[in-house]
Amino acid sequence: MAKRGPTYTCQNCGAVYHRWQGKCDACGTWSSLSEEAQAAPVPGARGSSGKARGRVFALESLKGDTQDAPRIVSRIGELDRVTGGGFVPGSVLLIGGDPGIGKSTLLMQACAALALSGRRVVYVSGEESTGQVRLRAERMGLADAPVDLASETNVEDIIATLGQGTRPALVVIDSIQTMWSGEVESAPGTVTQVRGSAQALIRYAKTSGACLILVGHVTKDGQIAGPRVVEHMVDAVLSFEGEGAHAFRILRGQKNRFGATDEIGVFEMTGKGLSEVGNPSALFLAGRDQAAPGAAVFAGVEGTRPVLVEIQALVAPTSLGTPRRAVVGWENSRLAMVLAVLETHGGLRLGQHDVYLNVAGGLRVNEPAADLAVAAALVSSLTGAILPPESVYFGEIALSGAIRPVSVAAARLREASKLGFEAALMPSGGADAGDGGGLNLKRFGHVTELVADIAARAPRRDVK
């Protein structure tokens, strides 16, 4: 039998190589390859003839009785919204976010709420001692909640402990990167250990029916650290986002086998923990300067929830050879496309200007329906025209300059009407607007119409 040589695993993406090299070819990360022991073959996996052995199992048809998955409601409305109505017994969730964003705080509040309802909840911390976790619970006023607490990192010991007594309804592992298994010959925190530990914990959740939540670290790019296969193994992947300068936190569903994806829950960080925000649109629009150019209100949709947010733009003459493009809360490539369309089809000269774009409130906008609001803010800042403060904008801009309709227009208009807006500037096509929510609808078919409408409000001065 040939001797197995060493393997080198990328600690960023999990790619495996048979020799060390400075750069991972799969993800492009430098100095991320670490030597790890190769997994031993499973004993008894092959018979004496060398052929794989297995058992015959029954096959079923697609047609049959189905039932909705039961739910464990956490009594935190925003968390239940993102998970699809509550936790499903036997499901596994992976939640990631920047350090200090509030992952442990949110999960402690959820554990306390379920424990106070009479369910058994176990919180296992691999990063903090039990004393540190108790101090956090005391600050949030949750010290009286009957949550079973432990500070442990060995997976086999955790599973053996969970098997004693009543089956827990919820198990929190904080975090999966600190767990290690004696069956895996690798150092804790490596890709092999994270994958093996996650597999063992997921197997326990599926066989016992307990809901399992894994907390994951993130890289500097905001991606959950460790092998991407872990994200495929779990039932839901949640991302906890927020800016350090803002008290707002956004829980976003990126994957959910039991609910809608791209759903968001909005929280506000307070001295007593995270509080729910029932009306995020009013929160994101609070304190906006209605008399300043370069600001447009975008009527967006996050999951099934319409959200209004302010888009801020600043276009200023540059003193550099290459103009600067700075974006916060939106895609850089999308901004470059909108600028190119405004120059080519809108007749604006933006090549000698620095452009700064910001989504107020710390929200990150991903849908292309924000193109029209971004273009309006850019034109307003360049020309000095003040946009109507009672108007909202939404629409997708094509490379030809045409403004294309977007989905869920009726819900966007209803949200704007509920918050007191009077008009909406939207694409000319599409029939999803319904009755318009009582708003005055102004439709545009091309960016030239948008530029002309805003330029007519500009003060008398030369625009270059």
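In what follows, the structure referred to is the one given above.
Visitor: Can you lay out the sheet that holds strand S1 (residues 7-10) for me, pointing to particular residues and giving the numbers?
Guide: In spatial order, the strands read S2-S1-S3; together these three strands make up an open sheet with antiparallel pairing. Taken across any chain shown, the strands that pair with only one partner, and hence form the sheet edges, are strand S2 (16-17) and strand S3 (33-36). Where S1 and S3 come together, four bridges link them in antiparallel fashion. Residue pairing in the sheet places Tyr8 in a bridge with Glu35 of S3.

Visitor: Could you give an account of the environment of Ser275, with specific residues and numbers?
Guide: As for its placement among the helices and strands, Ser275 is situated in strand S12 (residues 273-276). Setting aside residues up to four positions removed in sequence, Ser275 forms contacts with Val266, Phe267, Glu268 and Thr270.

Visitor: Explain the nonpolar core residue by residue, including any values.
Guide: Counting 66 residues, the largest nonpolar core has Phe298, Trp330, Leu335, Leu342 and Leu378 as the members making the most contacts within it. When residues of this core are assigned to their parent elements, the largest contribution, nine residues, is made by helix H9 (residues 371-383). In this view, Leu342 contacts Gly347, Leu348, Leu350, Ala375, Leu378, Val379 and Val451; residues no more than four positions away in its chain are not counted. Membership of the second largest hydrophobic core comes to 34 residues, among which are Ile72, Leu93, Tyr123 and Val215.

Visitor: With reference to specific residues and values, describe the pattern of salt bridges.
Guide: On inspection of all chains with the given rule, the structure shows 14 salt bridges. For Arg81, the salt bridge goes to Glu263, with nearest N and O atoms at 3.8 Å. Of this pair, Arg81 sits in helix H1 (residues 77-83) while Glu263 sits in the loop between strand S10 (248-256) and strand S11 (264-270), and the two are 182 residues apart along the sequence. Across the salt bridge formed by Glu241 and Arg252, the nearest N and O atoms sit 3.2 Å from each other. Taken together, the positions of Glu241 in strand S9 (residues 236-241) and Arg252 in strand S10 put the pair eleven residues apart, joining distant regions of the chain. Judged by its relative accessible area of 4%, Arg252 falls in the buried class. One salt-bridge network, in which partners are shared between bridges, spans Lys206, Asp235 and Arg257.

Each value, and the rule that gives it
- Residues numbered from 1 in each chain as written.
- Predicted model: local features only at pLDDT ≥ 70, side-chain atom pairs only at ≥ 80, totals over all residues.
- Heavy atoms only, no water.
- Pairing = 2+ DSSP bridges.
- Helix = DSSP H or I, 4+ residues; strand = E, 2+ residues; numbered from the N terminus.
- Contact = heavy atoms within 4.5 Å.
- Core = buried A, V, L, I, M, F, W, Y, C linked by side-chain atoms within 4.5 Å.
- Buried < 20%, exposed > 50% of the residue type's maximum accessible area, 1.4 Å probe, protein only.
- Salt bridge = Lys/Arg side-chain N within 4 Å of Asp/Glu carboxyl O.

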